[in-house]
Structure formats: C-alpha cells, structure tokens
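Chains, contacts and geometry: an overview
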Amino acid sequence: MSAVDLPPGIGLAGTPLGTFHAPLAARRRALIALGLVCVFMVITWYFVSRHPYRWHSSTQVVLPFAFALFTGLALAVRSARVAVTRDGIRWGWTSLGFTQSAARIACAHVFTDGVALEAHKGSRWFLSARDWDGFDQLVRQLKRAELPTKDHGGKAPIRQRLQSYGRFLDGLVIASVLGALSVALWAA
C-alpha cells in the first residue's frame with residue numbers, strides 16, 4: 001500500500017465547492033426527444049424495408065439516424081455538470097471534462113442572467129443562468145473559491161449571451177423530433 005501526497009493545482013481536480021446540473025426539465029426533454037426520434041427511426045426503417053428500391057430510400061434511412069445523433073448530443077450536453085473548485089471551473093462528465101484553471105481566470109463578470117469568465121488570454125466563457133440549476137449558488141461558490149469577481153447590474157451583453165447554448169440546443173431537439181416525424185410520414 002502506498003500513499004501519495006499531491007499539492008493542489010497539478011492537474012487533479014480539487015474538491016468541488018459546488019456542482020451544478022442542467023435543469024431537470026431540460027434533461028428530461030432531451031431524453032424524451034431521443035426516445036421519440038428512435039421510435040420514428042424504427043418506423044421509418046420499417047416503411048423503407050417494405051419498398052427498399054425507391055430512389056429516396058437511402059435518404060430515408062440516413063436522416064433519422066442523423067436526427068438521433070443530434071438528440072443524443074443534446075442529451076450528452078444536458079447531462080454535463082459544472083463544478084466550482086478552488087483550482088478553477090470544470091465543465092463535463094466524470095471521465096471527460098474541460099477545466100478553466102483559477103490562474104487563467106482574470107475576472108468572473110457576474111450578470112443577472114449569467115457569468116462571463118474572462119481569461120487572461122483568450123475569450124470569455126459564458127455560463128447562462130438559464131442553463132444551470134441553482135445559479136445563485138454558482139455565483140456564491142465562485143466568490144467562495146476566491147476568484148476575482150465583478151458584479152454588473154442588468155443582463156450580459158449580447159456578445160456573451162450568444163455563447164449560451166441552451167436555446168439553440170432546445171431548438172435543435174425540437175427540430176430533430178419534427179424532422180424525424182416528417183421523414184417517417186414521408187416514408188409511409
């Protein structure tokens with residue numbers, strides 16, 4: 001047996017001060033959409049198998065699979081977590097994640113609708129309040145992690161809000177379900 005004592009900040013994730021998830025409703029919508037798209041995919045493939053020699057059969061086979069990949073991506077993104085540690089901010093899953101180290105964060109700009117993490121070099125990383133449960137707690141944990149923060153009154157500038165993926169992801173899920181349904185009706 002061996003014990004290893006490692007100093008903080010050498011690449012291992014520290015103990016999270018707070019871990020935040022996507023809203024349960026958003027995760028549930030992504031899961032239901034994936035299920036619906038898979039059902040429509042099976043229905044479409046059934047209709048295509050009855051008439052496999054139509055000129056558009058290959059399109060009808062591939063499109064539902066693409067829609068399933070889109071909704072799978074949405075479910076994967078919605079199942080990611082944000083963890084605030086004294087070493088920085090981590091976005092991702094247990095085995096795969098992306099970290100913005102505390103040393104790279106110049107300032108965390110806090111708005112009423114999100115937080116923009118400004119790096120010393122590079123662009124800002126925007127965490128939208130609508131994409132994470134317990135946004136007030138997230139802001140408190142950023143301050144508790146002793147990251148430099150600056151409070152701004154009002155909403156974030158449009159430039160930062162465009163980085164928020166929540167509305168786009170929800171639109172992609174809805175479009176995928178509607179697309180899979182229309183391909184199933186086309187194949188029928």
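Residues numbered from 1 in each chain as written. Predicted model: local features only at pLDDT ≥ 70, side-chain atom pairs only at ≥ 80, totals over all residues. Heavy atoms only, no water.

**What about the pattern of salt bridges?**
Close approach of charged atoms lets side chains of opposite charge pair. A full pass over the atoms with the stated rule returns 6 salt bridges. Residue R29 pairs with D170 through a salt bridge whose shortest N-O separation is 3.6 Å. Note that R29 is positioned in helix α1 (residues 24-50) and D170 in helix α5 (residues 166-187), a separation of 141 residues in sequence. Given a relative accessible area of 43%, R29 falls into the partly exposed group. Between R124 and E118 there is a salt bridge, with the nearest N and O atoms lying 3.4 Å from each other. (Salt bridge = Lys/Arg side-chain N within 4 Å of Asp/Glu carboxyl O. Helix = DSSP H or I, 4+ residues; strand = E, 2+ residues; numbered from the N terminus. Buried < 20%, exposed > 50% of the residue type's maximum accessible area, 1.4 Å probe, protein only.)

**A short note on the pairing of strand β2 (residues 81-85)**
Of all 5 residues that make up β2, 4 are buried, and the element is covered over most of its length. As defined by bridge partners, strand β1 (residues 18-21) adjoins β2 across 4 bridges and the pair is classed as antiparallel. Its bridge partner lying in β2, F20 is registered against V82. By the bridge criterion, 5 bridges tie β2 to strand β3 (residues 88-92) in an arrangement that is antiparallel. When the bridges of β3 are listed, A83 appears paired with R90. (Pairing = 2+ DSSP bridges.)

**Some remarks on the sheet that holds strand β7 (residues 124-128)**
Read across the open sheet, the 4 strands follow the order β7-β6-β5-β8; overall the sheet is mixed. Bordering the open sheet on either side are β7 and β8 (149-151), each of which pairs with just one other strand. With strand direction ignored, the average angle separating the axes of adjacent strands in the sheet is 20°. In this sheet, β8 lies alongside strand β5 (residues 105-111) in parallel orientation, the contact comprising 3 bridges. The residue of β8 that forms the bridge with A108 is T149. Strands in contact with helix α3 (residues 135-144) are β5, β6 (114-119), β7 and β8; relative to β6, the strand with the most contacts, it is inclined by about 30°. (Axes fitted to C-alpha atoms, helices over the stretch in contact; angles between N-to-C directions. Contact = heavy atoms within 4.5 Å.)

**A word on unusual backbone geometry**
As a rule of thumb, non-glycine residues mostly have phi less than zero, and peptide bonds are mostly trans rather than cis. Within the chain, E146 stands out as a residue other than glycine whose phi angle is a positive 65°. For E146, the position within the fold is in the loop between α3 and β8. Note on E146: relative accessible area 67%, which makes it exposed.

**Digging into the sheet that holds β1**
Spatially, 4 strands are ordered β1-β2-β3-β4 in an open sheet, and the strand pairing comes out antiparallel. Since the sheet does not close on itself, it has two edges, and those belong to β1 and β4 (97-101), each with one partner. Averaged over neighbouring strand pairs, the angle between their axes works out to 15° when direction is ignored. Each of β1, β2 and β3 touches α3; the most contacted strand, β1, lies at about 150° to it.

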